[in-house]
Structures are given as C-alpha cells and as structure tokens.
Amino acid sequence: MTPRGVGLAAGGGALLLVGVGFASAPLVLIGATVLAAAAVAAAWIVAQVLTTRARVHAVTREVSPATLSAGAPAQVTVRVAVRGALARAMRLREQAAAELTGGAGTRAAISRRSGTVELRYRLEPSRRGRWLLGPALARAADPFGLAWSDRAVGTAVEVAVWPTVVDLAASAGELMGSADRAHAGARTPAADDASLRDYRDGDDLRRVHWASSARRGTLLVRSEEQQGRTAATILLGLPPAPSGLEWAITAAASVALSVVEAGHPVRLIAGTQETSVHDTHGRAAESARAALLDSTVDLVPTESTAESDRLIAAGAGRLDPGHRDVVVAVIEPSGTVALRALAPLGETGRAWAIVRAPEPARARADRTVQSLTASGWRAVASIEPERLEDAWARLLAEEVV
C-alpha cells in the first residue's frame, strides 16, 4: 500500500470504531466508505494481476553482445508479447543486478506496438562474474493511488561478464617473436622459412609477405606449421584479496589475449583450472579469445596465502622439465613452496613474472623478485596503484635478447 492508502485505511478504521462507539451513523458511513475504497483498490489490483497473467504469453530478451565485458557498455532489448489491448496500458520495468548497471537502476525506453511492449536499456557492467538479469516486472496500481503491486513477467537469465583487459598485443608479439627466433637459432627469419599461401579473409595482415606479394601481384601470407610455433603458458596466482584477484585476472587475461593476437598457442593455468588454445589464426582467434575469457569468469579468491602458494606450485608442476614454452607468471609475494616450484622454470631463460603487491607488502614483493631473478626469471614488482601497461613495459625491459 502507498502512504496514502495506509493513511486512508487507518483513518477509515478509526472513524468506523468511533462511529460505532458513539452510535454515530454518519461516522460509521464515512469510515465504511473509506475502508470500502481500500478494498476496491485491492480488488482492482488483483484483477490487473490476473489479467496480466492470462494475457502475457511470451517474454524474450536479447543482450548485445551476448557475453559482456567489465567496463564495456551493452544493450538489452526485452519484448513482451500480450493479447488484446493490454500492450497500451501495461507498465513495465526490468530488474538487473547492481554489478550489471554500475549500481544504478535500469532506465528503459519503452515502445508499444499491437500485441507487443518493447523495452530497451543500457548496461554498464562493472565486475567480472555471472549476474542475474531480469525478470521484467509489470506494475499494477489502482486509480485512487492507494496501492500497487509488481508481478514478475518472464524469468531471470544469468549473464557472464568477462574481465577488463588491456591491449598488450604489440609488446607481447615482440616477446613471442624473440622467443621464436631464439628457438630457431637466428635473430631474423629468412624468406624461405615459411610456406606461402593466398591471403584469406580474416588473416592477420602482419603475416603478409610483402616482397612475394609484390612479385605475384596478389596478397600472400606466411603459413608456418602451428606445432613449430612457440607456445606460451600463463601462470595465474589466485590471491585471497578480491581486489588483488581482479588485477591479477586482468593481467593474465591481457597477456594471454595478446599472445593469441600474435598467433601463438596459449595455455592459461589458474589454480586447478587449465585452458589451452592451439589454433589462433584467422577466425579461430575469436573462439580462442572467448575460451580464455570464459575460463576466468568463475575464478574466486583463495582462502589464504598458503593455499595460493600451493596452487601456484601445482600449476608450475604441470610444465614438463624439458618444456619450450614461454612462461609468464602473474603472482603476489610468494612463500617457499611456490618459489621452490617456480625456480626450475627459469632455467630455460624464457620465464617472466609480475609480482603484484600493495604498498605495505613491498618488501615481500622485492624478496620474491630477487628469488625468481636468482633462478633465471625476468621479474618485476608492481606496487599498487601502478598500471598494468607500465608494469608490463618494465618487465619486457628486463628481457635479454
């Protein structure tokens, strides 16, 4: 009931009691009339709810893009199909989790056509995860403004929100390129170290062999065998603090996607979860990107630093001793268990690490960096609130070609 409805009902009840007490017919009549108005309002709402239930026969919802990204706006369209003239009078609004709207309510533009009510509104996802969208609510209210009721129309759906990512493609391509050249034993690739084929829609323009294309008069691209390309393994530590976890996920996802962009196979290891993508050329790169981002949606903080260290050690143990992968670790200051497991990975000279920490943990981060460096890693400490781009640039500056 609205404040007006509560006041009228209370006033009507009081007048009715006073009228009965004083045997005053006029007061009894007035009190009964006010209470009757409240009863009529309730009956009116019940009738509207029943009408809505009977005449709404379909609710569809479209979210564009289908998977959302934190910090990137999205558009939602809700269509409610109704029978009869209800579309002209139906009052609708849509519910959404605060993580999808940036903490604000949904403000929809409503359009009405014969048999359909359509709502369009904007989402501003702010956090990675899975969040509820909907259901739509149909508002029923009496003409006296005494009461109202919202009835769910349709069902809620769960939508996934990918983490925020940073574009590191150019620098990651340089990193993987240097690893490829080191693996081949030459600083620059020769013109005959790759077979050539005609350019196809979706191919990376950076793979165009311009000299041969000029001679042939048509675009030709390099088509190296996938198994001949250096792979990257991203080790993601799962810290206990939610804020640290989000930064780490953004960093690991950004590095993984940049390696995909450079056309290399990628393996992302986060706790007990492992995601591998092998075909990263042309249109396959989009599915590889989606698979990597999907794997981060349900990651949660660990319960303690000790558990985080244990999971890092387990992830490092998944790499064979003779591996040829480029390894990039995104971790927080670590203990003996994790550092002992990470140490052998530095022996190949292909291991890089970003050690993220808040200001009070700077000393522990520096000790972790020193331990990794002594084992052959290239490592830097990133102290909040340093940007990922800056930390990544400093890390690549540690590379020895």
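Above this text is the structure in question.
Scoring rules and cut-offs
All chains use their own residue numbering, which begins from 1 and follows the written sequence. For this predicted model, a pLDDT threshold of at least 70 governs which residues receive local features, and a threshold of 80 or more governs which side-chain atom pairs are given and counted, while totals over whole chains, interfaces and linings are taken from all residues. In computing side-chain values, all of the structure's heavy atoms are included and hydrogens and water are not. Strands are treated as partners if at least two bridges between them are detected by DSSP. Note on conventions: DSSP H or I runs of at least 4 residues are helices, E runs of at least 2 residues are strands, and numbering of each starts at the N terminus. The axes used here are C-alpha line fits, helices contributing only the stretch in contact, and every angle between their N-to-C directions lies in the interval 0 to 180 degrees. In what follows, a contact means two residues having at least one pair of non-hydrogen atoms within 4.5 Å. Only protein atoms enter the 1 Å grid, on which a cavity is a set of points fitting a 1.4 Å probe that cannot get out and a pocket is an open set with protein on both sides within 12 Å along at least 5 of 7 lines, lining residues being those with an atom within 4 Å of a point. Grid points are joined across faces, edges and corners, and a volume is the space filled by probe spheres set on the points. Each residue is assigned to one of three groups, with Ala, Val, Leu, Ile, Met, Phe, Trp, Tyr, Cys and Pro labelled nonpolar, Asp, Glu, Lys and Arg labelled charged, and all others, Gly among them, labelled polar.

Enquirer: Go over the sheet that holds strand S1 (residues 56-64) with me, naming the residues and quoting the values.
Expert: Strands sit in the order S1-S3-S6-S5 across an open sheet of 4 strands; the sheet is antiparallel. Pairing within the sheet leaves two strands with one partner each, and these edge strands are S1 and strand S5 (109-113). Going from strand to strand, the sheet's axes swing by 15° on average, the running direction of each strand aside. Contacting S1 and strand S3 (74-82), helix H2 (residues 25-55) crosses the sheet at an angle of about 75° to S1.

Enquirer: Quick one: what's the story with the environment of Pro239, residue by residue and with numbers?
Expert: Locating Pro239 in the fold gives a position in the loop between strand S12 (232-236) and helix H7 (242-261). Spatially, the C-alpha atoms of Pro239 and Arg356 are 9.9 Å apart, while their sequence positions differ by 117 residues.

Enquirer: Would you mind going over the sheet that holds strand S16 (residues 351-357) in detail, with residue names and values included?
Expert: Pairing within the open sheet is mixed, and its 6 strands lie in the order S14-S13-S12-S15-S16-S17. Of all strands in the sheet, those bounded by a partner on one side alone are strand S14 (273-277) and strand S17 (378-383). Here the average twist between neighbouring strands, direction ignored, is 10°. For S12 and strand S15 (residues 326-331), the ladder comprises 5 bridges, and the chain directions are parallel.

Enquirer: Could you give me a rundown of empty space enclosed by the protein, with the residues and numbers involved?
Expert: Under the defined criterion, the tally for this structure stands at 2 cavities of 30 Å³ or more. Estimated volume of the largest cavity: approximately 40 Å³. What lines the largest cavity is Leu235, Leu236, Gly237, Ile269, Ala270, Gly271, Leu311, Ile312 and Gly315. Mapped onto the lining of the largest cavity, the elements with two or more residues apiece are S12, strand S13 (266-270) and helix H9 (305-316). Considering each element in turn, the lining of the largest cavity owes the most residues, 3 residues, to H9. The residue makeup of the lining of the largest cavity, split by class, is 6 nonpolar, 3 polar and no charged. Here the second largest cavity defines a volume of roughly 30 Å³. Lining the second largest cavity are Gly237, Pro239, Gly244, Ala248, Val330, Ile331, Glu332 and Arg356. Elements with a contribution of two residues or more to the lining of the second largest cavity: H7 and S15. Of the residues contributing to the lining of the second largest cavity, the split by class is 4 nonpolar, 2 polar and 2 charged.

Enquirer: If you had to explain the pairing of S5 to someone new, which residues and values would you point to?
Expert: Here 5 bridges tie S5 to strand S6 (residues 116-123), and the two strands are oriented antiparallel to one another. Paired with Ser111 across the two strands is Glu118, which belongs to S6.

Enquirer: Explain unusual backbone geometry to me, using residue names and the numbers behind them.
Expert: The amide bond that connects Ser64 to the next residue, Pro65, takes the cis arrangement and shows omega of 0°. Within the secondary structure, Pro65 sits in the loop between S1 and strand S2 (68-69). Each neighbour pair has its own omega, and for Gly134 with Pro135 the value is 0°, a cis peptide bond. Secondary-structure assignment places Pro135 in strand S7 (residues 129-141).

Interpretation in functional terms is not warranted from these geometric data alone.
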